[in-house]
Every structure is written in C-alpha cells, then in structure tokens.
Amino acid sequence: MNINNLINEAINARENAYAPYSKFKVGAAVITQNDNVYTGCNVENASYGGTICAERVAICNAVSSGERSIKAIAIVYDENNFAVPCGICRQFIYEFGAEIDVIMAKMNGEYKIKKISELLPDGFNGDLIN
Ligand code: THU
C-alpha cells in the first residue's frame, strides 16, 4: 500500500462523516505493520463535546480489531488545506508510537509528512506511569 492509496482510503472514509453541526467533514486512514488499513470519519454529537475526530475513530477501529502496531495515518479535510490533527488526536496518535508518520493531505492528493513526535514534541507517554 503506498501513500496515495492510503490518502484515497481517507478520502473515501470522509464520505461517511457525520458532521451535521460543523458541516466540516474529515477522513482518516491508518496502516499497520501487517499492512492492514483501518479508516475513520468524524462523528459529531448534539452535545458538541461528545464529538470524536476521524483520526481517533480510525485508531479505535485498528485497536478494536486487535492491531496496535500503527505505521502511518493519513488525514484529509478538503481541497485547499493540508489536514492537521488536533491536539487531542496528536496525544492519541502518540500513544501508539512516537515514530508514527502523519500524512497531512489535501483532497487533490498533495501531502506533507511529519513524525508524530515532531507534531507533539516532548509528548507525554505511559513510561511515567508504568
Ligand atoms: N475534526 C476531526 O475530525 N479531526 C481533526 O483533526 C480536527 C477536527 C472534526 C471534529 C468536528 O467534527 C469537526 O472536525 C470540526 O471541528
């Protein structure tokens, strides 16, 4: 699976976004060490605070299928902006590895890649509590 395919998976997942409040649709796709792909879209809630981002839905799909070895995550919003993960999602991605590649894409397939450790410097991890 190459990067363009992973971005396409995120674009497809974005179609399922449930975003009646913000109208802002987001799609995400993770690829694991086994080369399996898990996707997510944002799922909003009338309480607003109950909303969950596409990135976390994709990671929860992987983890709930028994896969925690995440290599990369691709994210898309729209045609004009590279999709950056929010702060909560940065922490959530970091949980599964400082070396995870974050592919911040536009709908036209352009992208930038950074390690999650670059997006979340000095990230908090379980080492302190284990
Ligand atoms: N959202 C995501 O799904 N991922 C992000 O990284 C940023 C924000 C969603 C949450 C909400 O449904 C909408 O985008 C507007 O914030």
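I will try to describe carefully the structure that is included in this document. (Residues numbered from 1 in each chain as written. Predicted model: local features only at pLDDT ≥ 70, side-chain atom pairs only at ≥ 80, totals over all residues. Heavy atoms only, no water.)

**Examining the pattern of salt bridges**
Here the structure, examined in full by the defined rule, presents three salt bridges. As a salt-bridge pair, K71 and D35 come within 2.8 Å of each other at their nearest N and O atoms. Of the two residues, K71 sits in strand β3 (residues 70–76) while D35 sits in the loop between β1 (27–32) and β2 (37–41), which places them 36 residues apart along the sequence. Residue E110 is joined to K106 by a salt bridge in which the shortest nitrogen-to-oxygen separation is 3.9 Å. We classify E110 as partly exposed; its relative accessible area is 40%. (Salt bridge = Lys/Arg side-chain N within 4 Å of Asp/Glu carboxyl O. Helix = DSSP H or I, 4+ residues; strand = E, 2+ residues; numbered from the N terminus. Buried < 20%, exposed > 50% of the residue type's maximum accessible area, 1.4 Å probe, protein only.)

**Some points on the sheet that holds β3**
Spatially, five strands are ordered β2-β1-β3-β4-β5 in an open sheet, and the strand pairing comes out mixed. With one partner strand each, in any of the chains shown, β2 and β5 (111–115) form the two edges of the open sheet. The average angle at which neighbouring strand axes cross in this sheet is 20 degrees, direction not considered. Note that β3 and strand β4 (residues 101–105) share five bridges and pair parallel. Considered in β4, the bridge of A72 is made with D101. Sitting on the sheet, helix α1 (residues 3–14) touches β1, β2, β3, β4 and β5, and the angle it makes with β1 is about 140 degrees. In this fold helix α2 (residues 54–64) packs onto β1, β2 and β3, with an angle of close to 145 degrees to the strand it touches most, β2. (Pairing = 2+ DSSP bridges. Axes fitted to C-alpha atoms, helices over the stretch in contact; angles between N-to-C directions. Contact = heavy atoms within 4.5 Å.)

**Quick look at the environment of F92**
By secondary structure assignment, the location of F92 is in helix α3 (residues 87–94). Judged by relative accessible area, which is 29%, F92 ranks as partly exposed. Distance in space between the C-alpha atoms of F92 and V26 is 16 Å, their sequence separation being 66 residues. Those residues in contact with F92, other than ones at most four positions away along the chain, are R56, I59 and C60.

**With respect to α1**
In this model, α1 (12 residues) spans 17 Å end to end at C-alpha, consistent with the 16 Å of a helix rising 1.5 Å per residue. For α1, every residue scored as buried is listed here: L6, I7, A10, I11, A13 and R14. The arc enclosing the buried residues of α1, seen along the axis, measures out at 165 degrees, which places them on a common side. Elements that come into contact with the buried residues of α1 comprise β1, β2, β3, β4 and β5. Capping the start of α1 is the job of one residue whose side-chain oxygen sits 3.1 Å from the backbone nitrogen of N4: N2. (Expected span 1.5 Å × (residues − 1). Arc of directions from axis to C-beta. Polar contact = N/O pair within 3.5 Å; in protein donor to acceptor, adjacent residues only side chain to side chain.)

**Overview of unusual backbone geometry**
One non-glycine residue, Y48, adopts positive backbone phi at about 65 degrees. Within the secondary structure, Y48 sits in the loop between β2 and α2. Its identity is not glycine, yet D122 carries a phi of approximately 55 degrees, on the positive side. With respect to the helices and strands, the residue D122 is situated in the segment after α4 (116–119).

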